[in-house]
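Residues per chain, in single letters:
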Amino acid sequence: TLELSKAERHLFEASFVLEIKSGLKNKSEGARHETISVLVEFIRSFKDTLPGLAQLAVLFDSSDVEKDFYENIKHIQVHNKVERFKRLTLAIYYFL
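If you're wondering where the values come from, they're calculated on a predicted model, not measured in any experiment.

Cut-offs applied
- Residues numbered from 1 in each chain as written.
- Predicted model: local features only at pLDDT ≥ 70, side-chain atom pairs only at ≥ 80, totals over all residues.
- Heavy atoms only, no water.
- Helix = DSSP H or I, 4+ residues; strand = E, 2+ residues; numbered from the N terminus.
- Buried < 20%, exposed > 50% of the residue type's maximum accessible area, 1.4 Å probe, protein only.
- Lys, Arg positive; Asp, Glu negative; His and termini not counted.
- Salt bridge = Lys/Arg side-chain N within 4 Å of Asp/Glu carboxyl O.
- Contact = heavy atoms within 4.5 Å.
- pLDDT = per-residue confidence, 0-100.
- Phe/Tyr/Trp six-rings, centres within 6.5 Å; stacked < 30°, edge-to-face > 60°.
- Axes fitted to C-alpha atoms, helices over the stretch in contact; angles between N-to-C directions.
- Parallel < 35°, antiparallel > 145°, perpendicular 65-115°, else oblique.
- Nonpolar A, V, L, I, M, F, W, Y, C, P; charged D, E, K, R; others polar.
- Expected span 1.5 Å × (residues − 1).
- Arc of directions from axis to C-beta.

This part is about the side chain of Arg-32. Within the element layout of this structure, Arg-32 appears in helix 2 (residues 29–46). Here Arg-32 is buried and forms no salt bridge, its nearest opposite-charge partner Glu-29 lying at an N-O distance of 4.5 Å. Apart from the residues lying within four places of it in its own chain, the contact partners of Arg-32 are Gly-23, Leu-24, Asn-26, Lys-27 and Phe-85.

Have a look at this one:
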């Protein structure tokens, strides 16, 4: 596993959060979907290194794609999507 000092972890998390928040707020739906894909890969790759990412991993459901938050966020109706992106942004800010 990747070993990071406390300062390196803090810097990474702060930068990561800013970039993900920016991507989730992007007006382009394609950009938001790509941001989610990047987030998913970061969670899978670093959940053991960064505890905050482990908290976000609970939203995966590999046994049922209908229950997987990260897949479903890409397909919900626009009025629900805005609220879900706000919640995801808050979750990222809170856990990291």
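Now that the structure has been shown, the text picks up again.
Here we take up the confidence of the model for the protein chain. Confidence along the protein chain averages 82 in pLDDT terms, with 91% of residues attaining 70 or more. Confidence, read as mean pLDDT per element, is least for helix 5 (residues 78–95) in the protein chain (75) and greatest for helix 2 (90).

Let us look at the packing of aromatic side chains. Considering all chains together, one arrives at four aromatic pairs under this definition. With a centroid separation of 4.9 Å and 45 degrees between ring planes, the pair formed by Phe-16 and Phe-42 is classed as tilted. Within this pair, whereas Phe-16 is found in helix 1 (residues 6–25), its partner Phe-42 is found in helix 2, the two being separated by 26 residues in sequence. Residue Phe-16 is classed as buried on the basis of its relative accessible area, which comes to 7%. Seen in terms of ring centroids, Phe-60 and Tyr-70 are 5.0 Å apart; in terms of plane orientation they differ by 45 degrees. Their pairing is tilted. With Phe-60 in the loop between helix 3 (51–57) and helix 4 (69–72) and Tyr-70 in helix 4, this residue pair connects regions lying 10 residues apart in the sequence. Note on Tyr-70: relative accessible area 1%, which makes it buried. An aromatic cluster is defined as three or more aromatic residues linked by ring pairs; in this entry it consists of Phe-16, Phe-42 and Phe-46.

It is at 8 Å that the axes of helix 1 and helix 2 come closest, and there the two elements cross at 150 degrees. Here helix 1 lies roughly antiparallel to helix 2, going by the angle between them. Residues Phe-12, Phe-16, Ile-20, Gly-23 and Leu-24 of helix 1 lie in contact with helix 2, whose contacting residues are Ala-31, Arg-32, Thr-35, Ile-36, Leu-39 and Phe-42. Considering only residue class, the contact of helix 1 with helix 2 consists of eight nonpolar, two polar and one charged.

A separate point is helix 1. For helix 1, which comprises 20 residues, the first-to-last C-alpha distance of 28 Å matches the rise-based estimate of 28 Å (1.5 Å per residue) to within 8%. Every buried residue of helix 1 is listed here: Glu-13, Phe-16, Val-17, Ile-20, Gly-23 and Leu-24. Along the long axis of helix 1, the arc covered by the buried residues comes to 135 degrees, so they all point the same way. Away from its buried face by more than 90 degrees, helix 1 exposes Ala-7, His-10, Leu-11, Leu-18, Glu-19 and Lys-25.

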